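# A closer look at the structure
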Amino acid sequence: MTNTLSAFLVTLLAIAGVSAPAAAQQTQPLDRIAAVVDEDVVLQSELDRAVRNVKSQYSGREAQLPPDNVLQRQVLERLVLVKLQVARANSTGIRVGDDELNRAIGSIAQQNGTDVDGLRKKLAADGMAFDDFRNSVRDEITVQRLRQSFAQSRINVSESEVDAALAQQATTGAQYHLAHILVGLPEGATADQIKTGQGKIDGVKTLIDKGEIDFSAAAVRYSDSPNALEGGDLGWRSLDEIPNAFAQLIRDMKPGQVAGPLRGPSGFQLLKLVEIRDASANPEKKTVTEYHARHILIRVNEAQPDAAAKAKIETLRARIAGGADFQAVAKESSDDANSRGQGGDLGWFPADAFGPDFGHQIEGLTDNQISQPFRTEAGWHIVQRVAMRQTDVTSDTQRTQVRETIGRRKLEEEYNRFLQEMRGEAYVNLRVGGAESSAAPAADATAPAAAPAPAATKP
């Protein structure tokens, strides 16, 4: 499991309510429907658990949270989006098997200082059924898999984009810590909707300018962005991670400044530059150990079972030890069609290029030494290490990092649009606040429904 997914699942544990105070769990929620999402539903118990946990995370800072009805709608929109993404993933054949799910839950338990049985007991004490928790974990992994599939199919970073970003880094290596507040507008917004959105964002800006509310609290209370409950924090970004429309503006800002309102594809935004740091120092030199080697492979199959393949490779090694040329024997007898014509030559490669078993053998040899026969999934091998070298991969590493940075920015923009389209096409019936209501798609489909526009004096 990747570090990203591990962190994601630990976050899920919190969302599921495991970290919420036990006292908050004593009141059992009514198990009724909070929202209908196409052919699925969000239960009131799911919503209540998620809302309780958000409140526990803001313990001591409750004043930063919006009114309960707005917070409930914000959290409900997040749960709706999860349902929509899981349904889309299932329709495209994305499945999370039980073995993968069990490994993920084991990882969550370990990162919370317990085992699966301990996690099961803690969930029970907090009033959550273990099967419900398993389903939540499965859904979140499914969403991650959908996002990865989306990135692979739609996100492309060209070499020219990487070159341009590297050239920009050479002149300015600054990174910017940003936060934003979004007042979303639907696609094809009417003049009245635009006017209402403009009035709301102007009101929020006035409150911030007068010092009546700080930026992060305003984001929690009024932003339609998915990161509203995180105070609108966008984290650290280099200029190549910032949309071109905003990059020049941010370059000219000073820490603490708030820009906007700005009109973008999703609506009106306020953008805050929190701080700047210099990342232009020469990158740390990165080297990898590479090996030049030859090998001979004898495959294991129905015609040549394991014992016969092992006997054959032992015979070939004995011939080489007796003076036969390794390359000549490889050309004559190796089952590796890719390297046989070159006398078994594999060229230069890092130790892990052909798997851990092969790498372990290479690392244990000296130059020109030949290994004892060893088994991998491919069959039986002997390998001769020819040489070893240290290769500077600093430039390759830089290009990889820049490519990933640009890819993340593109994915964020494209995936948000994808969610907006999916939310707009779905049938969603929100049933919160004691009354049943058919809700139009949120102004920004990646975001919760907007809070009422603030007055220019006090929220």
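Residues numbered from 1 in each chain as written. Predicted model: local features only at pLDDT ≥ 70, side-chain atom pairs only at ≥ 80, totals over all residues. Heavy atoms only, no water.

As a further point, take helix α3 (residues 68–91). When the terminal C-alpha atoms of α3 are compared, their 35 Å separation across 24 residues agrees well with the 34 Å that a helix rising 1.5 Å per residue should span. One or two residues past the end of α3 sits Gly93, with phi positive at roughly 90°. (Helix = DSSP H or I, 4+ residues; strand = E, 2+ residues; numbered from the N terminus. Expected span 1.5 Å × (residues − 1).)

Right, let's talk about helix α8 (residues 191–209) for a bit. Taking 1.5 Å per residue, 19 residues should reach 27 Å; α8 reaches 27 Å between its end C-alpha atoms and fits that length. Its buried side turned inward, α8 meets β3 (174–184), α9 (215–222), β5 (258–264) and β6 (267–278). Just past α8, the residue Gly211 takes up positive phi, approximately 80°. (Contact = heavy atoms within 4.5 Å.)

Enumeration according to the criterion identifies eight aromatic pairs in this entry. Here the aromatic rings of Phe130 and Phe133 are separated by 6.5 Å at their centres, their planes lie at 35°, and the arrangement is tilted. Of this pair, Phe130 and Phe133 are both found in helix α6 (residues 130–154), three residues apart, which corresponds to roughly one turn of the helix. Summarising the aromatic geometry, the rings of Phe354 and Phe358 are spaced 5.5 Å apart at their centres and angled 65° between planes, so their arrangement reads as edge-to-face. Since its relative accessible area comes to 3%, Phe358 is described here as buried. The rings of Phe349, Phe354, Phe358 and Phe374 are connected pair by pair, giving a single aromatic cluster. Seen from the ring of Phe130, Arg120 lies directly overhead, with NZ or CZ sitting 4.1 Å from the centre. (Phe/Tyr/Trp six-rings, centres within 6.5 Å; stacked < 30°, edge-to-face > 60°. Buried < 20%, exposed > 50% of the residue type's maximum accessible area, 1.4 Å probe, protein only. Lys NZ or Arg CZ within 6 Å of the ring centre and 35° of its normal.)

In helix packing, the relevant descriptors are the interaxial angle and the interaxial distance, both defined with respect to the helix axes. Relative to each other, α3 and α6 sit at 65°, their axes nearing to 9 Å. By the angle between their axes, α3 is roughly perpendicular relative to α6. In this structure, α3 crosses over α6, and the sense of that crossing is left-handed. Residues Val82, Gln85, Val86, Arg88, Ala89 and Asn90 of α3 form the contact with α6, whose participating residues are Asp139, Glu140, Thr142, Val143 and Leu146. For the contact of α3 with α6, the residue count by class is five nonpolar, three polar and three charged. (Axes fitted to C-alpha atoms, helices over the stretch in contact; angles between N-to-C directions. Parallel < 35°, antiparallel > 145°, perpendicular 65-115°, else oblique. Left-handed = near helix turned anticlockwise from the far one by under 90°. Nonpolar A, V, L, I, M, F, W, Y, C, P; charged D, E, K, R; others polar.)

Below, the discussion takes up the nonpolar core. Counting 33 residues, the largest nonpolar core has Leu47, Val75, Leu76 and Val80 as its most contacted members. Put simply, the parts of the chain that give this core at least two residues each are β1 (33–37), α2 (44–57), α3, α6, α15 (394–425) and β11 (428–430). The greatest single-element share of this core, amounting to eight residues, is contributed by α3. Aside from chain neighbours lying at most four places away, what touches Val80 is Ala35, Val37, Val42, Arg423, Val428 and Leu430. (Core = buried A, V, L, I, M, F, W, Y, C linked by side-chain atoms within 4.5 Å.)

A word on the sheet that holds strand β7 (residues 287–299). Within the open sheet, the four strands sit side by side as β8-β7-β10-β9. Their pairing is antiparallel. What marks the edges here is a single partner per strand, and that holds for β8 (345–350) and β9 (374–376). Strand-to-strand twist across the sheet, computed as the mean angle between neighbouring axes with direction ignored, equals 45°. Direction of pairing for β9 relative to strand β10 (residues 379–392): antiparallel, over a ladder of three bridges. Looking across to β10, one finds that Arg375 is bridged to Trp380. (Pairing = 2+ DSSP bridges.)

Each neighbour pair has its own omega, and for Gly260 with Pro261 the value is 10°, a cis peptide bond. Structurally, Pro261 can be placed in strand β5. Residues other than glycine seldom take positive phi values, yet Asp38 does so here, at roughly 55°. Along the chain, the position of Asp38 falls in the loop between β1 and β2 (40–43). Positive phi is not limited to glycine here, since Asn368 has a value of about 75°.

Confidence in the prediction of the protein chain, expressed as mean pLDDT, is 82, and 86% of residues score 70 or more. Across residues 1–30 the pLDDT falls below 50, and counting only partners more than four positions away or on other chains, this stretch makes 57 contacts in the model. Overall, residues 434–459 carries pLDDT values under 50, and its contacts beyond four positions in sequence, including any with other chains, amount to 78 contacts. (pLDDT = per-residue confidence, 0-100.)

What follows covers the sheet that holds strand β4 (residues 233–238). One open sheet holds the four strands; their spatial order is β4-β3-β6-β5, and the pairing between them is antiparallel. Bordering the open sheet on either side are β4 and β5, each of which pairs with just one other strand. On average, each strand axis in the sheet is inclined to that of its neighbour by 35°, with strand direction left out of account. Here β3 pairs with β6 via 11 bridges, running antiparallel. Considered in β6, the bridge of Ala179 is made with Lys272. On top of the sheet, α9 reaches β3, β5 and β6; it is set at about 35° to β3, its chief contact.

Okay, the side chain of Arg134 next. Position of Arg134 among the secondary structure elements: in helix α6. On the basis of relative accessible area, Arg134 is assigned to the buried category, the value being 17%. Leave out the neighbours within four places in its chain, and Arg134 touches Asp98, Leu101, Asn102 and Ile105.

This part covers the pattern of salt bridges. If the charged atoms of two oppositely charged side chains come close together, the side chains can form a pair. Here the structure, examined in full by the defined rule, presents 20 salt bridges. Residue Arg385 is joined to Asp367 by a salt bridge in which the shortest nitrogen-to-oxygen separation is 3.0 Å. Taken together, the residues Arg385 in strand β10 and Asp367 in the loop between α14 (356–363) and β9 connect sequence positions 18 residues apart. Residue Arg385 is classed as buried on the basis of its relative accessible area of 8%. Salt bridges here are not isolated pairs; linked through shared partners, they connect Glu159, Asp163, Arg399 and Arg403. (Salt bridge = Lys/Arg side-chain N within 4 Å of Asp/Glu carboxyl O.)

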